[in-house]
Amino acid sequence: MAFWQPPPRVCVGKRVKPSPASATELDLPERRELALWTHARLCTEYGCPVAFFATKDPLSELISSLLSHRTRNQDSHRAYQQLRARFPTWDEVRDAPTNEVEAAISPCTWPEQKAPRLQQILREVGQRCGGPCDLEFLADLPIPEARAWLELLPGVGPKTSAAVLLFSTLRRPAMPVDSHHHRVAQRLGLIGPKVGEAAAHKQLAALLPPDWDAQQVYDHHEVLMFHGQKCCYFHTPACGRCPLLERCPFGQARVNGVKDEQEAKG
């Protein structure tokens, strides 16, 4: 599979303070070019292709994604494992006393809210499918229709619908945007400063080539997420060692601001 190759790294000497840039100052072709440049640089930094981390069927991925909301990965994973150990089938989860489901998912945040929500979703999936349903039929729908079907379920937004299609065994090229991905994209100027995570899904997906397959879309999401976790932190980002610094308005302003402050003190 061919992946975008990065241009040679350029040694950056003394930096010239840029004027602040944002997505509103870049037209669509410029943002598309920047998205591909970012993809190439981060694939070099973190390694592509990235191995898929899950092999869940789409209904199981839906439940797992809902458990992960506002929860650390290790805690949501433990909640999912406990739920499956206590209730081997999703029909059993649906029909169980809610307090037992809540106890099974206790490692995740807000189990008292998520337990009845999971049962509600499982009932609605069965009703809408007219019987037992594993959501495998989503493989045959156009991606916008598949996402719209999922987003009619209570508590399911664009991040979850994309995760179900991409992360599950369906392996469809729908791109989720988490908080790390969103932060990196915003600082680079791929999206505007006031674009929230929900709205960012459509805007960021529009920057990728339409013929990208699930692996390439997955790589893009994962490397942007990795970068937010490992370098572009919410607090005190490590701009000085960032492979995207030369084209990052946020990082350039921050690094030069620090340098100017140090020179003023010296």
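Before reading on, note that the structure itself is shown above.
It should be emphasised that the depicted structure is a prediction, and the values quoted were computed from it without experimental measurement.

Student: Hey, could you run me through the side chain of E61 in this one?
Tutor: Here E61 shows up in helix 2 (residues 58–68). The buried charged residue E61 lacks any salt bridge, with K56 as its nearest oppositely charged partner at 4.5 Å. For E61, the residues in contact, after removing those within four places along its chain, are A54, K56, A163, V164, F167 and S168.

Student: Teacher, can you tell me more about the state of the cysteines here?
Tutor: Chemically, a disulfide is nothing more than a covalent bond linking the sulfur atoms of two cysteines. Inspection of every chain in the model, using the stated rule, returns two disulfides. Across the disulfide from C43 sits C48; the S-S distance is 2.2 Å. Residues C43 and C48 are joined by a disulfide whose S-S torsion is about -75 degrees; by sign, that bridge is left-handed. Its relative accessible area of 9% is what places C43 among the buried residues. Its relative accessible area of 24% is what places C48 among the partly exposed residues. Across the disulfide, C129 is cross-linked to C133 (sulfur-sulfur distance 2.3 Å). C129 sits in the partly exposed class, given a relative accessible area of 30%. Numbered by order of appearance in the sequence, the disulfide-linked cysteines of the chain pair as 1-2, 3-4. We note that C231 lacks a disulfide partner, and the nearest cysteine sulfur, in C242, lies 4.5 Å from it.

Student: So what exactly am I meant to see when it comes to the packing of aromatic side chains here?
Tutor: In this description, an aromatic ring pair is defined by two values, namely the gap between the centres and the angle between the planes. For the structure shown, the criterion picks out seven aromatic pairs. Measuring from centroid to centroid gives 5.9 Å for F167 and Y218, while their planes differ by 85 degrees, and the two rings are edge-to-face. Within this pair, whereas F167 is found in helix 8 (residues 158–167), its partner Y218 is found in helix 11 (residues 214–230), the two being separated by 51 residues in sequence. With respect to burial, F167 and Y218 carry one shared label: buried. Here the aromatic residues F52, F53, F167 and Y218 are joined through ring pairs into a cluster of three or more. A cation sits over an aromatic face here: R128 above W149, 3.8 Å from the ring centre. For R247, the ring lying beneath its charged end belongs to W37, and the centroid distance is 5.0 Å.

Student: Help me understand the pattern of salt bridges in this model?
Tutor: Any two side chains of opposite charge can pair if their charged atoms end up close together. Within the structure shown, the criterion is met by eight salt bridges. Linking E246 and R41 is a salt bridge whose minimum nitrogen-to-oxygen distance equals 3.3 Å. On the criterion of sequence distance, the pair formed by E246 in the loop between helix 11 and helix 12 (249–265) and R41 in helix 1 (residues 28–46) is long-range, its members being 205 residues apart. Judged by relative accessible area, E246 falls into the partly exposed class, the value being 32%. For R41, a relative accessible area of 3% gives the class buried. Measuring nitrogen to oxygen at the nearest pair gives 3.9 Å for the salt bridge that ties R78 to D75. Of this pair, R78 and D75 both sit in helix 3 (residues 73–86), three residues apart, which is roughly one turn of that helix.

Student: Hey, could you run me through the environment of E197 in this one?
Tutor: Within the secondary structure, E197 sits in helix 10 (residues 197–205). Residue classification places E197 among the partly exposed positions, given a relative accessible area of 31%. Considering only alpha carbons, one finds E197 and R183, 14 residues apart in sequence, at a separation of 9.1 Å. Dropping the residues within four chain positions of it, E197 is found in contact with V177, D178, S179 and H182.

Student: Is there a simple way to explain the packing of helix 9 (residues 179–188) against helix 10 in this structure?
Tutor: Angle between the axes and distance between the axes are the two parameters that describe a pair of packed helices. At a minimum axis separation of 11 Å, helix 9 and helix 10 run at an interaxial angle of 65 degrees. In terms of their interaxial angle, helix 9 and helix 10 are classed as roughly perpendicular. Considering the relative orientation of helix 9 and helix 10, their crossing is left-handed. Within the contact between the two elements, helix 9 uses S179, H181, H182 and A185 and helix 10 uses E197, A200 and L204. Per-class residue counts for the contact of helix 9 with helix 10 are three nonpolar, three polar and one charged.

Student: What is the right way to read the layout of surface pockets from this model?
Tutor: Considered as a void within the structure, the largest pocket measures approximately 1100 Å³ in volume. What lines the largest pocket is a set of 35 residues, among which S68, T71, N73, K159 and D178 lie closest to the centre. Elements with a contribution of two residues or more to the lining of the largest pocket: helix 2, helix 3, helix 8, helix 9, helix 10 and helix 11. The dominant element in the lining of the largest pocket, judged by the number of residues it contributes, is helix 11, at six residues. Split into classes, the residues belonging to the lining of the largest pocket amount to eleven nonpolar, 16 polar and eight charged. As a volume, the second largest pocket reaches approximately 360 Å³. Forming the walls of the second largest pocket are 14 residues, and the residues nearest its centre are I143, R147, P173, A174 and A205.

About the cut-offs
- Residues numbered from 1 in each chain as written.
- Predicted model: local features only at pLDDT ≥ 70, side-chain atom pairs only at ≥ 80, totals over all residues.
- Heavy atoms only, no water.
- Helix = DSSP H or I, 4+ residues; strand = E, 2+ residues; numbered from the N terminus.
- Buried < 20%, exposed > 50% of the residue type's maximum accessible area, 1.4 Å probe, protein only.
- Lys, Arg positive; Asp, Glu negative; His and termini not counted.
- Salt bridge = Lys/Arg side-chain N within 4 Å of Asp/Glu carboxyl O.
- Contact = heavy atoms within 4.5 Å.
- Disulfide = S-S within 2.5 Å.
- Phe/Tyr/Trp six-rings, centres within 6.5 Å; stacked < 30°, edge-to-face > 60°.
- Lys NZ or Arg CZ within 6 Å of the ring centre and 35° of its normal.
- Axes fitted to C-alpha atoms, helices over the stretch in contact; angles between N-to-C directions.
- Parallel < 35°, antiparallel > 145°, perpendicular 65-115°, else oblique.
- Left-handed = near helix turned anticlockwise from the far one by under 90°.
- Nonpolar A, V, L, I, M, F, W, Y, C, P; charged D, E, K, R; others polar.
- 1 Å grid on protein atoms, 1.4 Å probe; cavity = no way out; pocket = protein on both sides within 12 Å on 5 of 7 lines; lining within 4 Å.
- Points joined across faces, edges and corners; volume = space filled by probe spheres on them.

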